[in-house]
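What follows is each chain in one-letter form.
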Amino acid sequence: MKNIFKQIIKTLFFILFIFILAIFQVTFINRYYLWGTEPNMVLIGLLCNIFNPNFAAVILGAIVGGAIYDFSGLFNFVSFLSFLFTIIIFHFWGKKYILKKNLFLNFLFGILGTIFYNFFYILLSYFLFNANFFQYFFSVSHLIEMGINGLGVFIFCLIAEFFNLLKSLIWKK
Amino acid sequence: MKEKQKSKIIFLIIAGLIIVNQNFALAAEDQGRLIGFRNAWMKIMNEADSFLRGLLYFKQIQEENNTLVFQNRALESLLIDYQSLKKENELLREALKIKKSDNFNFVLADIIGRSPLNFSQTFVINVGEQDGIKVGQPVVWGGKSLVGEIIDVRKNTSIVRSISDTEFKAAVLIGEKRIEGLLKGNGFLPLYIDLVPVDVEVNQNSKIYTSGLDNKFPKNLYIGDVSQVDKIEGKIFQDIKIEPALDWTKLYQVFVITNTN
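The rules behind these values
Residues numbered from 1 in each chain as written. Chains lettered and ligands numbered in written order. Predicted model: local features only at pLDDT ≥ 70, side-chain atom pairs only at ≥ 80, totals over all residues. Helix = DSSP H or I, 4+ residues; strand = E, 2+ residues; numbered from the N terminus. Buried ≥ 20, exposed ≤ 12 C-beta atoms within 10 Å, placed from the backbone. Contact = placed C-beta atoms within 7 Å. Rg over C-alpha atoms; globule rule 2.2 N^0.38 Å. Axes fitted to C-alpha atoms, helices over the stretch in contact; angles between N-to-C directions. Parallel < 35°, antiparallel > 145°, perpendicular 65-115°, else oblique. Left-handed = near helix turned anticlockwise from the far one by under 90°. Expected span 1.5 Å × (residues − 1). Core = buried A, V, L, I, M, F, W, Y, C linked by C-beta atoms within 7 Å. Domains from an automatic or database assignment. Nonpolar A, V, L, I, M, F, W, Y, C, P; charged D, E, K, R; others polar. Pairing = 2+ DSSP bridges. pLDDT = per-residue confidence, 0-100.

Visitor: Teacher, can you tell me more about the overall build of chain B here?
Guide: Scanning chain B for helices and strands turns up three helices and twelve strands. Burial statistics for chain B: of 261 residues in total, 31% are counted as buried. Restricting to contacts in chain B with at least 6 residues of sequence separation, those with at least 24 account for 54%.

Put into structure tokens, the structure is as follows:
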């Protein structure tokens with residue numbers, strides 16, 4: 001019973017974390033461009049937690065983050081579905097093929113995650129709303145976005161590792 | 001076995017969600033069902049944005065406010081002169097029977113939402129059908145500098161496609177030689193002009209204006225300056241890059257021209 005309660009609290013905290021990232025993205029980040037592109041904070045937050053044993057929380061985070069993006073953007077359900085596809089693919093592939101976790105792997109996941117997310121977003125917005133964003137997919141800006149998101153995931157994971165280390169040190173004492 | 005079952009259940013839930021959402025997205029024509037919710041959401045986000053900005057730039061805003069109050073007082077005195085000059089000008093025009101070239105009606109609008117992703121360079125403004133806004137009307141700022149065009153109108157809000165959006169196109173004139181071209185958004189900066197033959201000489205820093213030939217925008221709306229001209233061998237058109245006059249991501253208000261037709 002105590003475990004379930006703990007799990008629920010952890011899930012709620014994760015959803016709150018993604019919610020804050022999404023609000024930050026739609027109000028603040030989308031005003032400041034880094035070399036012509038903006039990072040995708042929700043994607044960074046989700047990819048950072050791709051190996052989270054509580055995968056249901058990650059899925060709920062993707063739903064919340066995607067819904068906020070969609071209601072603040074042009075199309076409904078496009079971001080939401082793109083996040084879900086990306087997270088599920090990465091979670092199961094990661095589980096199947098990655099034997100040893102490495103911090104630099106997060107950087108690679110950030111790059112690949114951006115490609116997958118943008119690919120799904122472009123495809124869905126084309127088929128559902130007839131919007132053509134293919135030009136962006138083959139642009140230099142997309143390359144820059146990959147790098148920024150990759151770096152973002154790496155930094156987020158580094159911070160998380162630091163806190164884990166701190167927690168374990170305090171726990172030992 | 002348990003793991004397999006778990007993944008099967010997750011896939012089934014996701015598949016169900018996709019089917020439900022796709023039906024919902026396709027059936028809700030123009031996303032009509034969610035307009036009310038979206039409008040309310042945009043307003044909440046706008047408030048959150050103002051709050052965040054207020055927290056982060058409090059000192060800067062305070063300084064800016066002091067400067068603006070001072071400027072406002074100076075401008076108020078200038079306005080009195082302007083009003084008397086305007087009246088005089090109107091009387092003279094009437095006496096000489098000169099037709100006004102551009103007598104635009106402007107509607108001031110606040111930007112209340114921006115696209116959170118890199119794909120679409122669009123934003124939401126707080127004026128809509130009730131204020132006489134229609135699809136296709138130009139959006140300007142800072143002395144008739146083109147910012148974008150209205151692509152979707154709702155009761156109290158409208159969506160604006162900025163000049164840097166991939167779907168944006170406008171007929172333009174380059175520099176004093178008035179060379180014709182087609183401005184295209186890139187989805188990112190800089191913008192570029194297409195359909196200018198290689199044998200035409202285009203100078204750097206030439207000013208770009210709308211030509212009005214596309215029957216979409218009125219003529220002489222300022223867009224920006226030529227930043228780079230490349231003539232690539234084998235190509236029949238030049239690659240002309242433009243630095244826009246305004247960065248729409250830094251704007252908080254815009255004007256919509258409501259009487260272009």
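Visitor: Where do I start with the overall build of chain A in this structure?
Guide: On a plain count of helices and strands, chain A comes out with seven helices and zero strands. Order of helices (α) and strands (β) in chain A, N terminus to C terminus: α-α-α-α-α-α-α. Computed over its C-alpha atoms, the radius of gyration of chain A comes to 16 Å, within 12% of the 16 Å expected for a compact globule of 173 residues. Taken over the C-alpha atoms alone, chain A extends approximately 55 × 35 × 30 Å along its principal axes. For chain A, the proportion of its 173 residues judged to be buried stands at 45%. Contacts in chain A between residues far apart in sequence, at least 24 positions, make up 74% of those at least 6 positions apart.

Visitor: Looking at this structure, I do not really get the packing of helix α1 (residues 2–27) of chain A against helix α3 (residues 55–72) of chain A. What am I missing?
Guide: In a packed pair of helices, the relevant descriptors are the angle between the two axes and the axis-to-axis distance. Residues and elements named next belong to chain A. The contact between α1 and α3 brings their axes to 9 Å, and the two run at 25°. With respect to their mutual orientation, α1 and α3 come out roughly parallel. When you trace α1 past α3, the crossing you get is right-handed. On the side of α1, the interface is formed by K10, T11, F14, I15, I18, F19, L21, A22, I23 and V26, while α3 contributes A56, A57, L60, G61, V64, G65, I68, Y69 and S72.

Visitor: Teacher, can you tell me more about helix α3 (residues 58–96) of chain B here?
Guide: Quick reminder: α-helices carry 3.6 residues per turn. Residues three or four places apart thus point the same way. Compared with the 57 Å implied by 1.5 Å per residue over 39 residues, the 52 Å span of α3(B) between its first and last C-alpha is a close match. Little of α3(B) is tucked away, with zero of its 39 residues classed as buried.

Visitor: What should I look at first to understand the nonpolar core in this one?
Guide: In this structure, V42(A), L46(A), L47(A), I125(B) and I223(B) are the most contacted members of the largest nonpolar core, which totals 88 residues. In this structure, L47(A) is in contact with F90(A), F109(A), G110(A), G113(A) and V153(A), ignoring residues within four places of it in sequence.

Visitor: Can you help me understand the interface of chain A and chain B in this one?
Guide: Often the size quoted for an interface is simply the accessible area lost on bringing the parts together. Every contact between the two is made by 32 residues of chain A and, on the other side, 28 residues of chain B. Every element with two or more residues in the side of chain A that touches chain B is listed here: α1, α3, α4 (78–97), α5 (103–129), α6 (134–137) and α7 (140–172) of chain A.

Visitor: How should the domain arrangement of chain B be read in this particular structure?
Guide: Residues and elements named next belong to chain B. The domains assigned to chain B are domain 1 (2–56), domain 2 (65–100) and domain 3 (105–261). The partner domain 3 presents six residues to the six residues of domain 1 that form the contact. For the side of domain 1 that touches domain 3, the residue count by class is three nonpolar, two polar and one charged.

Visitor: How do you make sense of unusual backbone geometry when you look at a structure like this?
Guide: Glycine aside, a negative phi is what most residues show, and trans is what most peptide bonds show. Residue and element names in this part refer to chain B. Even without glycine at this site, R178 takes up a positive phi of about 55°. Within the fold, R178 resides in the loop between β6 (169–174) and β7 (179–184). Its identity is not glycine, yet L195 carries a phi of approximately 65°, on the positive side. Within the secondary structure, L195 is located in the loop between β8 (191–194) and β9 (207–210). On the neighbour-count criterion, L195 (14 C-beta atoms within 10 Å) is partly exposed.

Visitor: Whenever I open this one, α1(A) confuses me. Can you help?
Guide: With 26 residues, α1(A) should reach 38 Å at 1.5 Å per residue; the first-to-last C-alpha distance of 37 Å fits that figure. All of the buried residues along α1(A) are F14(A), I18(A), L21(A), A22(A), I23(A), Q25(A), V26(A) and T27(A).

Visitor: What is the right way to look at the pairing of β8(B) in this model?
Guide: The two faces of a sheet get side chains in turn, since along a regular strand they alternate between them. Residue and element names in this part refer to chain B. In β8, alternate side chains face the same way, and those of L191 and I193 are buried while those of Y192 and D194 on the opposite face are not. Across three bridges, β7 lies against β8 in antiparallel orientation. Paired with L182 across the strands is D194, a residue of β8. Two strands pair when backbone bridges link them, and β8 and strand β11 (residues 239–244) are joined in this way by three bridges, in the antiparallel orientation. Note on β11: the bridge partner recorded for L191 is I242.

Visitor: What should I look at first to understand the pairing of β7(B) in this one?
Guide: Residues and elements named next belong to chain B. Strand direction decides the pairing type here: β6 and β7, joined by six bridges, are antiparallel. Paired with L173 across the bridge in β7 is E180. Between the antiparallel neighbours β6 and β7 lie four residues, among them G175 with a positive phi of about 60°.

Visitor: What's the story with the confidence of the model for chain B in this structure? I'm lost.
Guide: Low-pLDDT portions of the prediction should not be read for the details of their coordinates. The share of residues in chain B with pLDDT of 70 or more is 89%, and the mean pLDDT across the chain is 82. Across the interfaces of the predicted complex, the ipTM metric reaches 0.72, alongside a pTM of 0.71.

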